[in-house]
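In case you want the letters, here they are:
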Amino acid sequence: MDLFPEHDVPKKQAMAVPVLIPLALDQTYHYLVPDDLPLAIGDFVTVPLGSRKRHGVVWGPPCPTGELDFDPKKLRKVIKRHDLPPLQGNAHKLIEWVARYCLAPRGMVLKMMMSAPAAFEPSKPRMGYSLTKIRPKRMTDARNRVVDMALFGALHSKGELAQLSDVSTGVIDGLVKAGTLEETPLPEQIPPAPSPDFQTLTFSDAQQSAVTSLCENATQDKFTVSLLDGITGCGKTEIYFEAIATVLGKGQQAVVLLPEIALTGQFLKRFEKRFGVYPGSWHSAMTPAERSRIWRMTANGNLKVIFGARSALFLPFHNLGLVIVDEEHEAAYKQDDQVRYQARNIAVVRGMTEKIPVVLSSATPSLESWVNATTGKYSHIKVTERYAKAELPEITAIDLRADPPEKGRWMSPLLVDEVTATLARKEQALLFLNRRGYAPLTLCRKCGHRFECPECSAWLVEHRHKKALCCHLCGFHTPVPTVCPSCEAENSLVPCGPGVERIAEELTERFPDAKSAILSSDLVTSISEQRAMLEDIALGKYDLIVGTQLVAKGHHFPKLSLVGVIDGDLGMAQADPRTAERSYQLLTQVTGRAGREKTKGKGLIQTYMPENTLMQSLLSADRDTFMNAEMEMRRMGALPPFGRLAALIFSADTRSDVTALAHHFTKYAPVSDRIRILGPVEAPLAVIRNRHRARVLLKADREIDIQSYLRKWLQNAPKITGNLKLVIDIDPYNFF
Ligand code: ADP
Ligand code: ZN
């Protein structure tokens with residue numbers, strides 16, 4: 001009996017899927033699912049959009065086209081499904097979370113997760129060469145060597161086979177033509193996995209208890225956050241490596257965020273020493289092919305450990321088991337373009353969505369993390385001794401009012417004496433000044449003219465090695481003139497104040513026999529060059545080092561015993577709630593470079609205000625007093641982490657346009673007695689690249705959903721068009 005007469009067979013329903021495309025779009029678009037191409041949520045696909053093809057991700061389950069509230073005839077078909085592991089549910093959740101929190105279009109967040117365009121293009125497989133039964137009519141020695149080599153098991157690429165048999169690749173081509181060798185695609189190379197037991201260390205008691213707590217967390221598949229709060233040189237890296245060993249043992253992946261690419265080299269080496277192989281690295285200076293390779297291996301789980309910049313958080317991990325944020329206090333973790341996010345926070349969110357442990361590591365934690373640790377929200381893992389009993393440097397202030405440098409010089413006689421003594425002991429000294437270039441300001445002695453950027457509200461900084469005056473905001477530069485453009489006086493220009501180049505000049509004059517290195521982002525042209533220089537410093541090839549904050553972070557220079565800070569007060573006068581915290585962190589970090597091994601280190605800080613709290617806490621190595629004082633100030637001011645901030649940054653081609661825009665827009669702010677609206681005001685940097693700027697700052701209680709409030713505001717307000725622009729910055733870190 002025919003149970004299903006033909007006319008009763010339900011017609012197969014046409015199905016559609018929503019696809020999110022990595023563009024500045026928040027909504028998904030529906031596409032028809034081809035009959036022969038079953039699709040599921042998370043699949044990477046190619047779809048038509050306008051007249052172009054775009055790659056995207058299936059963002060929801062398939063549904064019958066009849067259920068859509070628009071004409072199914074208008075639907076276009078999915079073109080292709082990529083042969084890639086689908087984006088996982090946790091990554092999907094992360095994207096949704098970040099988009100909601102940062103008020104960014106979901107497509108822009110997805111774009112960060114698809115940041116290896118070459119991974120979506122068909123890649124030519126690498127070919128290997130194997131032997132057939134056919135032997136060539138004409139045999140030569142060279143051909144014989146290739147045949148012998150190809151007889152032994154492994155499949156080699158053309159280059160390898162030629163090299164191993166000591167022939168040119170032409171010989172291989174000849175053998176392919178003769179039918180002796182045939183081409184077969186090589187399997188994708190799987191890098192050897194790091195081995196948790198490759199080179200284990202013996203830990204001191206102080207280290208061991210930290211190792212135990214971190215590893216305990218790492219064994220559990222549970223969301224936890226630990227603040228690894230250990231003084232410089234206590235071995236934090238070695239300690240968190242043990243947590244990595246634990247998750248590797250469970251077959252999971254780990255990601256380590258570093259604030260500075262220049263640092264990666266050192267870490268990769270240390271990792272190799274501990275685990276036997278190099279980890280993968282991820283940063284902006286990679287080639288498209290490298291990006292694609294790392295991206296794919298992260299997605300299929302073949303690559304176990306990644307060290308990378310903040311963007312590594314958005315890699316499509318297959319089986320992530322641990323997130324580590326090294327130097328978690330670093331301002332570099334805040335991204336201020338495209339999607340504005342703070343990677344430290346997103347690391348915690350990734351831990352939450354993946355249900356895995358997160359470790360934040362620092363010698364000078366951010367106030368936010370410190371408060372979370374002291375209130376028990378994070379576990380607080382402290383290490384208060386340096387490894388191998390190396391001592392913390394002794395920090396002294398040089399009161400510049402009492403011991404000023406000679407005219408035209410920047411080093412106090414006290415500092416000069418200490419450098420002299422250090423060189424005499426054949427040790428290294430580091431002079432730190434967080435200011436690039438030669439002089440921050442140039443003026444005319446005759447008429448007082450000051451050189452300002454024509455497109456920004458900023459002074460031009462003289463860079464002597466480039467023989468130019470440069471704008472640090474927009475990159476504008478012009479040769480240093482010989483005649484004042486304002487009064488036409490000749491040779492009347494004077495550089496005012498020091499930058500690192502000027503300190504280097506003073507060192508060369510004072511210590512002509514010492515070999516000195518300058519480390520500033522302007523002077524190193526490539527990452528590899530920078531790494532080489534850092535290595536040479538570590539090997540003791542230089543006596544004196546002059547540097548900007550590039551040298552403050554994480555480096556380990558065994559012979560360095562003196563750190564001199566040229567201007568301990570720099571940066572203290574800004575309208576930014578984190579100014580004091582940052583100064584404290586930077587000065588601790590940079591002086592912490594001294595005396596990391598046997599020699600006792602010394603830190604000397606030149607200052608005009610030796611009596612302020614910050615300086616006093618630094619001198620007595622009493623961080624908690626400083627942190628408590630800062631915490632009270634933030635609490636009183638309802639500043640983060642006790643309150644929430646959001647910034648609205650308006651810009652336009654003219655000053656009147658931006659003022660009008662900011663005032664008009666602010667009129668539409670919803671009324672709330674728990675949110676204060678400060679501004680609009682002209683931004684401290686009123687013009688950047690010819691764009692005039694204005695700002696509004698929102699201050700809210702901690703419990704307020706500032707995103708919903710802002711969304712409502714944006715809905716009420718008229719659309720911003722033309723040359724006018726508004727950016728929203730949740731939890732701003734820059735206030736200029
Ligand atoms: P931190 O990051 O806390 O400043 P590091 O992790 O850089 O400290 O450690 C400082 C130095 O001490 C490094 O050279 C490190 O390899 C070494 N070290 C730390 N702990 C150990 C240990 N248990 N065994 C051997 N060397 C160690
Ligand atoms: Zn400029």
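The shown structure was predicted, so the numbers you read here are calculated from the model rather than taken from an experiment.

Let's talk about the site of ligand 1
Within the structure, ligand 1 sits among 16 residues, and Thr202, Gly233, Lys236, Glu238 and Arg270 are positioned closest to it. Gly233 places a main-chain nitrogen or oxygen 2.6 Å from an oxygen atom of ligand 1. Take Gly235: an N or O atom from its main chain is 3.1 Å from an oxygen atom of ligand 1. In the complex, the protein chains occlude 80% of the 560 Å² of accessible area that ligand 1 would expose alone. Per-element accounting of the shell around ligand 1 gives the leading share, three residues, to helix α7 (residues 236–249). Among the residues making up the shell around ligand 1, the classes are represented as five nonpolar, seven polar and four charged.

Quick look at the sheet that holds strand β19 (residues 428–432)
The sheet built from six strands is open, its strands ordered β18-β28-β27-β19-β26-β25 with parallel pairing. Each edge of the sheet is formed by a strand with only one pairing partner; in this case those strands are β18 (394–399) and β25 (516–519). This sheet shows a mean twist of 20° between the axes of neighbouring strands, independent of strand direction. The sheet strands contacting helix α14 (residues 527–538) are β19, β25 and β26 (544–547), and the helix crosses β25 at an angle near 140°. Each of β18, β19, β27 (560–565) and β28 (602–607) is contacted by helix α15 (residues 579–591), which is oriented at about 150° to β27, the strand it contacts most.

Remarks on unusual backbone geometry
With the exception of glycine, most residues fall at negative phi, and the peptide bonds are largely trans. Following Pro640, the chain continues to Pro641 via a peptide bond in cis, the omega torsion being 5°. Tracing the chain through its elements places Pro641 in the loop between α17 (623–636) and β29 (643–652). Phi angles above zero are rare outside glycine, and Ala638 is one such case at about 50°. As for its position among the elements, Ala638 is in the loop between α17 and β29. For Ala638, a relative accessible area of 32% gives the class partly exposed.

Side note on the coordination of the zinc ion (ligand 2)
For a metal with four donors in a tetrahedral arrangement, the ideal angle between donors is 109.5 degrees, while six donors in an octahedron ideally sit at 90 or 180 degrees. On the protein side, the zinc ion (ligand 2) has Cys453 (SG), Cys456 (SG), Cys471 (SG) and Cys474 (SG) as donor atoms, found 2.2 to 2.4 Å from it. Each of the four donor atoms around the zinc ion (ligand 2) contributes to a set of angles spanning 104 to 112°, which defines the coordination as tetrahedral. Judged by relative accessible area, Cys456 falls into the buried class, the value being 3%. The exposure class assigned to Cys474 is buried, which follows from its relative accessible area of 17%.

So, the domain arrangement of the protein chain
Once the domains are mapped, the protein chain shows domain 1 (6–114), domain 2 (127–185), domain 3 (205–389), domain 4 (394–435 + 498–632) and domain 5 (643–730). Taken over C-alpha atoms, the centre of domain 3 sits 27 Å from the centre of domain 4. Between domain 3 and domain 4, the contact holds 25 residues from the first and 27 residues from the second. A combined buried area of about 2,300 Å² lies between domain 3 and domain 4, and 52% of that area is made up of carbon and sulfur atoms. For the pair domain 3 and domain 4, the number of links is three salt bridges. Asp229 is the salt-bridge partner of Arg623, the closest N and O atoms lying 2.7 Å from each other. Here domain 3 is connected to domain 4 by twelve residue pairs in polar contact (both at pLDDT 80 or more).

The rules behind the values
Residues numbered from 1 in each chain as written. Chains lettered and ligands numbered in written order. Predicted model: local features only at pLDDT ≥ 70, side-chain atom pairs only at ≥ 80, totals over all residues. Heavy atoms only, no water. Near = heavy atom within 4 Å. Polar contact = N/O pair within 3.5 Å; in protein donor to acceptor, adjacent residues only side chain to side chain. Areas by Shrake-Rupley, 256 points an atom, 1.4 Å probe, with all protein chains shown as cover. Helix = DSSP H or I, 4+ residues; strand = E, 2+ residues; numbered from the N terminus. Nonpolar A, V, L, I, M, F, W, Y, C, P; charged D, E, K, R; others polar. Pairing = 2+ DSSP bridges. Axes fitted to C-alpha atoms, helices over the stretch in contact; angles between N-to-C directions. Contact = heavy atoms within 4.5 Å. Buried < 20%, exposed > 50% of the residue type's maximum accessible area, 1.4 Å probe, protein only. Donors = N, O, S within 2.8 Å, 3.2 Å for Na, K, Ca; no water. Tetrahedral: all angles 85-135°; square planar, octahedral: opposite > 155°, others 65-115°. Domains from an automatic or database assignment. Buried area = accessible area lost by both parts, 1.4 Å probe. Salt bridge = Lys/Arg side-chain N within 4 Å of Asp/Glu carboxyl O.

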